[in-house]
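Overview (structure and organization)
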Amino acid sequence: MGDDLFSVKNEFFLGNYQGAINEAQSSDLVLGPADEKERDIIVYRCYIELGQSDVVQSEINDSHPTALQAVKLLSTYKTNKGMAEMVLVTVKQWLEDAETCNKPTLQ
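Here we summarise the structure given alongside this text.

Thresholds applied
Each chain carries its own residue numbering, running from 1 in the written order of its sequence. Only residues with pLDDT of at least 70 get local features here, since the model is predicted, and only at 80 or more are side-chain atom pairs given and counted; chain-wide, interface and lining totals rely on the full set of residues. As a rule here, side-chain values come from all non-hydrogen atoms in the structure, and water together with hydrogens is ignored. We define a salt bridge as a side-chain nitrogen of Lys or Arg found within 4 Å of a carboxyl oxygen belonging to Asp or Glu. Here the term buried applies to any residue with accessible area under 20% of the maximum for its type, exposed to any over 50%, and partly exposed to those in between, with areas from a 1.4 Å probe on protein chains only. Only protein atoms enter the 1 Å grid used here, on which a cavity is any set of points holding a 1.4 Å probe that cannot leave and a pocket is any open set flanked by protein within 12 Å on both sides along at least five of seven lines; residues with an atom within 4 Å of a point are listed as lining. Grid points are joined across faces, edges and corners, and a volume is the space filled by probe spheres set on the points. Runs of E in the DSSP output that reach at least two residues are strands. Runs of H or I that reach at least four are helices, and both are numbered from the N terminus. Each residue is assigned to one of three groups, with Ala, Val, Leu, Ile, Met, Phe, Trp, Tyr, Cys and Pro labelled nonpolar, Asp, Glu, Lys and Arg labelled charged, and all others, Gly among them, labelled polar. To estimate how far a helix should extend, the number of its residues minus one is multiplied by 1.5 Å. For this quantity, the arc is that covered by the directions from the helix axis to the C-beta atoms. Note on contacts: a residue pair is in contact if any heavy atoms of the two residues lie within 4.5 Å. Take the buried residues of types Ala, Val, Leu, Ile, Met, Phe, Trp, Tyr and Cys, join any two whose side-chain atoms come within 4.5 Å, and each joined set is a nonpolar core.

Tallying each qualifying case throughout the model produces four salt bridges. For the salt bridge of Asp 3 with Lys 9, the shortest nitrogen-to-oxygen distance reads 2.9 Å. On the basis of relative accessible area, Asp 3 is assigned to the partly exposed category, the value being 39%. Put simply, Asp 3, Lys 9 and Glu 38 are held in one network by salt bridges that share partners.

Turning next to the layout of surface pockets. Considering only enclosed or pocket space, the second largest pocket measures out at about 200 Å³ in volume. Lining the second largest pocket are Ala 34, Lys 37, Glu 38, Ile 41, Arg 45, Ala 67, Lys 103, Pro 104 and Thr 105. Take the lining of the second largest pocket: its biggest share by element is five residues, from helix α3 (residues 33-49). Its residues placed into classes, the lining of the second largest pocket shows four nonpolar, one polar and four charged.

Moving on: helix α6 (residues 84-96). The end-to-end C-alpha separation of α6 is 18 Å, in line with the 18 Å expected for 13 residues at 1.5 Å each. Those residues of α6 that fall on the buried side of the exposure criterion are Val 87, Thr 90 and Trp 94. In a view along the axis of α6, the buried residues occupy a sector of 65 degrees, so they form one face of it. In this structure, α6 carries Glu 85 and Glu 96 as exposed residues pointing more than 90 degrees from its buried face. Buried positions along α6 lie against α5 (66-79).

Next up on the list: the nonpolar core. Val 8, Tyr 44, Cys 46, Tyr 47, Val 56 and Val 71 are the most contacted members of the largest nonpolar core, which has 20 residues in total. Listing elements by their share of this core, those giving two or more residues are α1 (6-13), α2 (17-24), α3, α4 (53-59) and α5. Per element, the largest residue contribution to this core is seven residues, and it comes from α3. Leaving out residues up to four positions away in the same chain, Val 56 has contacts with Tyr 44, Tyr 47, Ile 48, Val 71, Lys 72 and Ser 75.

In this section: α3. Residues lying three or four places apart along an α-helix face the same way, a consequence of the helix completing one turn every 3.6 residues. Its 17 residues give α3 an end-to-end C-alpha distance of 25 Å, which sits within 8% of 24 Å, the value for a rise of 1.5 Å per residue. Residues Ile 41, Ile 42, Val 43, Tyr 44, Cys 46, Tyr 47 and Ile 48 constitute the buried set of α3. Check the buried side of α3 and you find it contacts α1, α2, α4 and α5.

In structure tokens:
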């Protein structure tokens with residue numbers, strides 16, 4: 001079976017962030033739960049790169065998985081360099097936690 005997110009990832013890695021968002025929102029895309037989470041990570045990273053961090057900040061909350069919270073933290077860092085120390089402390093805490101330290105998004 002192929003990578004269901006190939007076109008989304010391809011657009012993202014090529015820097016076509018709006019294209020990646022459009023691909024991710026396509027009705028032809030049928031995904032399982034793990035792929036849905038990966039799609040969400042890519043889409044929110046696209047919003048960050050498009051300068052729309054407010055979307056990320058407003059839509060991701062503490063009830064979301066750590067991977068998405070990490071994307072929100074990236075958004076915080078990119079929009080407010082004064083928060084760099086808080087971001088670094090949070091990432092260190094996550095990496096010291098046995099439950100979150102092996103998450104690919106954090107590494």
